Each structure stands twice: as C-alpha cells, then as structure tokens.
Amino acid sequence: MNPTAATEKDPVRKKILAAMDRLLAGKPLRSTGRLSISQLAVEANLGRWHLTHQHTDLKELFQARVKTSQAAHVTAEPSAYDKLKAEHAELRAHCAELEQQLQLYASVINLLTLQNDTAQAKAPVADLDTGRRRRARQTMIGPC
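Residues numbered from 1 in each chain as written. Predicted model: local features only at pLDDT ≥ 70, side-chain atom pairs only at ≥ 80, totals over all residues. Heavy atoms only, no water.

### Details of the overall build of the protein
Line of reasoning, step 1. A tally of helices and strands in the protein yields 6 helices and 0 strands.
Line of reasoning, step 2. Each of the 144 residues in the protein was classed as buried or not, and the buried ones make up 18%.
Line of reasoning, step 3. Partitioning the intrachain contacts of the protein with sequence separation of at least 6 by distance along the chain shows that 45% fall at a separation of at least 24.
Line of reasoning, step 4. Accessible surface for the protein amounts to roughly 11,500 Å². Of this, 58% is attributable to carbon and sulfur atoms. (Helix = DSSP H or I, 4+ residues; strand = E, 2+ residues; numbered from the N terminus. Buried < 20%, exposed > 50% of the residue type's maximum accessible area, 1.4 Å probe, protein only. Contact = heavy atoms within 4.5 Å. Areas by Shrake-Rupley, 256 points an atom, 1.4 Å probe, with all protein chains shown as cover.)

### Focus: the confidence of the model for the protein
Line of reasoning, step 1. Model confidence for the protein is summarised by a mean pLDDT of 84, while 78% of its residues fall at 70 or above.
Line of reasoning, step 2. Mean pLDDT across the secondary structure elements of the protein bottoms out at helix H6 (residues 131–141), with 67, and peaks at helix H5 (residues 80–122), with 93. (pLDDT = per-residue confidence, 0-100.)

### Some details on the side chain of Ser-31
Line of reasoning, step 1. Topologically, Ser-31 is positioned in the loop between helix H1 (11–25) and helix H2 (37–44).
Line of reasoning, step 2. Since its relative accessible area comes to 14%, Ser-31 is described here as buried.
Line of reasoning, step 3. A distance of 3.3 Å separates a polar side-chain atom of Ser-31 from the backbone nitrogen of Gly-33.
Line of reasoning, step 4. In terms of polar contacts, Ser-31 uses its side chain to reach the side chain of Glu-43, at 2.9 Å.
Line of reasoning, step 5. Excluding anything up to four places from it in sequence, Ser-31 contacts Leu-23, Gln-39, Val-42 and Glu-43. (Polar contact = N/O pair within 3.5 Å; in protein donor to acceptor, adjacent residues only side chain to side chain.)

### A short note on the packing of H1 against H2
Line of reasoning, step 1. Running from N to C, H1 and H2 point in directions that differ by 115 degrees, and their axes come no closer than 8 Å. The pairing of H1 with H2 is recorded here as roughly perpendicular in orientation. Between H1 and H2 lies a crossing whose hand is right-handed. Facing H1, whose interface residues are Lys-15, Ile-16, Ala-19, Met-20, Arg-22 and Leu-23, H2 presents Gln-39, Leu-40, Glu-43 and Ala-44.
Line of reasoning, step 2. In the contact of H1 with H2, the residues fall into 6 nonpolar, 1 polar and 3 charged. (Axes fitted to C-alpha atoms, helices over the stretch in contact; angles between N-to-C directions. Parallel < 35°, antiparallel > 145°, perpendicular 65-115°, else oblique. Left-handed = near helix turned anticlockwise from the far one by under 90°. Nonpolar A, V, L, I, M, F, W, Y, C, P; charged D, E, K, R; others polar.)

### What to know about the pattern of salt bridges
Line of reasoning, step 1. The final tally for this structure, using the stated rule, is 3 salt bridges.
Line of reasoning, step 2. In this structure, Arg-13 and Asp-57 form a salt bridge, with 2.8 Å as the shortest nitrogen-oxygen distance. Note that Arg-13 is positioned in helix H1 and Asp-57 in helix H4 (residues 56–75), a separation of 44 residues in sequence.
Line of reasoning, step 3. Here Arg-22 makes a salt bridge to Glu-43, at a shortest N to O gap of 2.7 Å. (Salt bridge = Lys/Arg side-chain N within 4 Å of Asp/Glu carboxyl O.)

### Here's the deal with H2
Turn by turn, an α-helix covers 3.6 residues, leaving residues three or four places apart pointing in a common direction.
Line of reasoning, step 1. Among the 8 residues of H2, 6 are classified as buried, and the element is accordingly described as predominantly covered.
Line of reasoning, step 2. Residues Ile-37, Gln-39, Leu-40, Ala-41, Glu-43 and Ala-44 constitute the buried set of H2.
Line of reasoning, step 3. A positive backbone phi angle near 60 degrees is found at Asn-45, which sits one or two residues after H2.

### Topic: the side chain of Arg-13
Line of reasoning, step 1. Relative accessible area serves as the criterion here: at 13%, Arg-13 is assigned to the buried category.
Line of reasoning, step 2. A polar atom in the side chain of Arg-13 sits 3.2 Å from the side chain of His-55.

Dropping the structure here:
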C-alpha cells in the first residue's frame, strides 16, 4: 500500500510524502535534490529523526522508490551529459590516432631527407662555369 499526501491525516507524514514526490520528480524546493534520507528531511523541513526513528515505513518507501527510479534511468536513453562524454572519448581516440599518423609522417620525411642528402653528396655536381665566373678567375690569375 502506497500512502499519498492526500490520504494521510498526520501533517508530518503529509510533509514527508509531498517532499518525496518533489524529490523524485526532480523539483526540490529546500534541498539539493540529492535522493537521500537527509535531503528528504531537509525537503520536508523536518528533523532527520522523524524518518529514522518515527516514520521508518516512509523512509523505506522512499528508498524503494529511489531504487526503482534509478533502475529506470539505467535502462533509459543516455543523458545529454553521457552522450557528450562518449563523444569526447571518441574525439580523444581520433586525436591520438592522428598524432600517431603525424609521428609516422615526420619519420618518413626525415628518412627521405637523409636519403636525398646522401644521394646528392654521392652524385657529382656539374659546375656551371658562367662568363662572369670565368672573367673573375682570369682577372685574379691574369691573362693566359
């Protein structure tokens, strides 16, 4: 039997049931909205002892309803935060993959540069003897 605030006669129990409904609906007025017995007491504007010593049946009812609502959230579609978190993880993995490719490309470029330098050092370079160089040499050496 689930009591409701409308069927209860005791004002303390009415406060607790109304606070329970607000917390489970995600619309707290006085508390942080966390689904705990302490926050239920804050939301009902009562001492915690009312739930732990006096109205233990309402405490157990609240805990059962919290467990049921959390089980429903687990099977429900992921929240926007969870979606963003998953997307962020995918982007980080993609970024790591790009970093690896960048390292590979840098290694290949360095290797090709070394090979090119080595090939140019081994091949004789044809000296282009331009007219200006020839004249400069002749003036330094003198006419032949």
